[in-house]
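Chain residues, written in single-letter form:
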Amino acid sequence: MERKFISVLLAWMELPGLAFAVWMLICFYAPVGGYPNGKVREACTSMIPCHGSSPQLLPKHTITVNGTEFKPGDSIEVHLSGPVFEGFFIQARDAEHLESPALGSFMLADRRASQLLTCGRTKNSAVSHTSKAKKQHIKVYWIAPGDAPKRVQFLATVVKKYRTFWVKIPGPIVSQPNALSPATPLHATSEAVATSHPVSYLSKPFNASSCGRTKFCIRNPSNCDPESASCFFLSFQQEGSSVFIEMSGPSEGYLAFALSHDQWMGDDDAYLCVGEDHHVHTVTAYLKGRSPPVLDSENALEDVSWRLADGLLQCSFRRSIHLPAHKGRFNLNASYYIFLADGEASEGGVIHKHQQQPLITSGMYNVTGLPQDIGGSRSPRLIKAHGALMFIAWITTVSIGVIVARFFKPVWSYSFLFGKEMWFQVHRMLMLTTVMLTGISFVLPFIYRGGWSQQAGFHPYLGCTVMALAIFQALMAGFRPSRHAPRRQLFNWFHWSTGTAARILAVEVIEYDRVQILQSLTSAEAEGRLFKQIVLSIYVCGNIVFLIAFLAAINQI
């Protein structure tokens, strides 16, 4: 068997392209699997399954208990029931701090269907499934710890099938005898709470006539009409101790806005209007990093209305300026950056990552202050400058510099500039410009983010690699051997390979077609010089025109 494997491996090695593809697959393959055996300790904090999709919005399962009060050491019977499901995860947490660790310990009623897990330092503080066998009911016992808080709430994550699941379904709150009565009714779920307020249908689209006078409005594009099929619209109007909010945009999936203390996602107060089966559900959520939004167990919104027609999703609702009883809800009389995003939603109200960068206000605004009519940007100025400089460097200056060095040596072989051949001086000037622009562009995201971003994926790593290759290329060029030196061939190979690697990483697609046009002319180096110069002029002018158009488009974002 080993000999057969080795022979197959050698056969692959004889096919460089296939071997490289297999190597890339092995290097970058990152499996995302579920946990059919219930060993879900990795999800102890978030309670989110690693299934690569967003949770459902409205839970269909309920948690019930056999009592509403407890004392340290008491045993409470906990039931999880509902439509058929495969997996589950149950915890008890401090009702006043639901992001705190699991507390207390559990005992099992059926060891075939459930098992104990240790989350954090508390032994047996969670319960999960033992297999993906279908089930409709789970019973366990929770033992109250000696240092239990005044109020405890049970939470459950339920997996119906791999990509259909609900996260942190809120269960009843149980209290110690001397605690205040729970704010959430016994057996309440987010579904019950979300539908506790009447929901109506909007008879007509929103309008922007009061923007800047009685309403604080955000529109994209600026001054667009919310009745338009391309207008994203968000308005706030203070009415006594509450604020009436309208949100509209071209989406049949979901629209969302968030209040944030900074210009990047994380620790934000979010509001979502999600389209499902020709209806719109309005929910509140909390954004933690770039993870899917954590939906609230209690809905603090009133006077909810919606409209879904002509490709436009519109919803309106009212919330109080101050919500001290709702953790994670910001006071509306303070200043925040405001995000506005849209995306797709699949069956069951599962939301997916937004399709384009969220709209972000350029500054912090108080929506209950002076009414304004503002726009926003889907890319902050520093990030736009970063992209523009990288585009100039790796699409314009480096491309022209490579073409000059590769094809214009014979054309400008007898022309000199500052004592050196003209082609070489032009090439060197363009390449040094590329390094300078790359260096400036390189530091801009760090200034914007205030350091290294742990949530930006591979982009920062590729950027650091490009920056390192650009600096190495410039340093290597400073030690270029003379034309007939023995090491010149080695230098040429390193110079070409380093530059090519940098270009491949910086630009996904190199303009082979333009290079091939000039490549066909190299057989007649002494002829057609005027034609080559015309081609170069057209190439440069084309890049400049395209660059101007591109930068103008960036400015409009």
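The coordinates are above.
We now turn to the structure provided with this report. Being a predicted model, the structure only gives us computed values, none of them experimental.

1. Looking at the overall build of the protein chain
So, point 1. Of regular secondary structure, the protein chain possesses 9 helices and 27 strands.
So, point 2. Residues classed as buried in the protein chain amount to 45% of the 557 residues present.
So, point 3. Restricting the contact set of the protein chain to residue pairs at least 6 apart, pairs at least 24 apart contribute 62%.
So, point 4. Element-wise, carbon and sulfur atoms account for 60% of the exposed surface of the protein chain, whose accessible area totals about 29300 Å².

2. Observations concerning the pairing of strand β2 (residues 75-85)
The side chains of a regular strand alternate between both faces of the sheet.
So, point 1. The sheet contact formed by strand β1 (residues 62-65) and β2 spans 4 bridges and is antiparallel. Counted as the bridge partner of V65 is V78 from β2.
So, point 2. The pairing of β2 with strand β7 (residues 135-143) spans 8 bridges and is classified as antiparallel. Residue pairing for β7: F85 is matched across the bridge by K135.

3. Thoughts on the environment of R111
So, point 1. On the secondary structure map, R111 appears in the loop between β4 (105-108) and β5 (114-119).
So, point 2. Sequence separation between R111 and V140 is 29 residues, and the spatial gap between their C-alpha atoms is 9.9 Å.

4. Section: the state of the cysteines
So, point 1. By the definition in use, this model includes 4 disulfides.
So, point 2. Residue C211 pairs covalently with C217 via a disulfide, S to S 2.1 Å. Disulfide C211-C217: torsion about the S-S bond near -80°, hence left-handed.
So, point 3. The residue that forms a disulfide with C224 is C231, at a sulfur-sulfur distance of 2.0 Å. Here the disulfide of C224 and C231 is right-handed, its torsion about the S-S bond being about 55°. Judged on exposure class, the residue C224 and its partner C231 are both buried.
So, point 4. Indicated for the protein chain is the disulfide connectivity 1-2, 3-4, 5-6, 7-8, based on numbering the bonded cysteines in sequence order.

Cut-off values and rules
- Residues numbered from 1 in each chain as written.
- Predicted model: local features only at pLDDT ≥ 70, side-chain atom pairs only at ≥ 80, totals over all residues.
- Heavy atoms only, no water.
- Helix = DSSP H or I, 4+ residues; strand = E, 2+ residues; numbered from the N terminus.
- Buried < 20%, exposed > 50% of the residue type's maximum accessible area, 1.4 Å probe, protein only.
- Contact = heavy atoms within 4.5 Å.
- Areas by Shrake-Rupley, 256 points an atom, 1.4 Å probe, with all protein chains shown as cover.
- Pairing = 2+ DSSP bridges.
- Disulfide = S-S within 2.5 Å.

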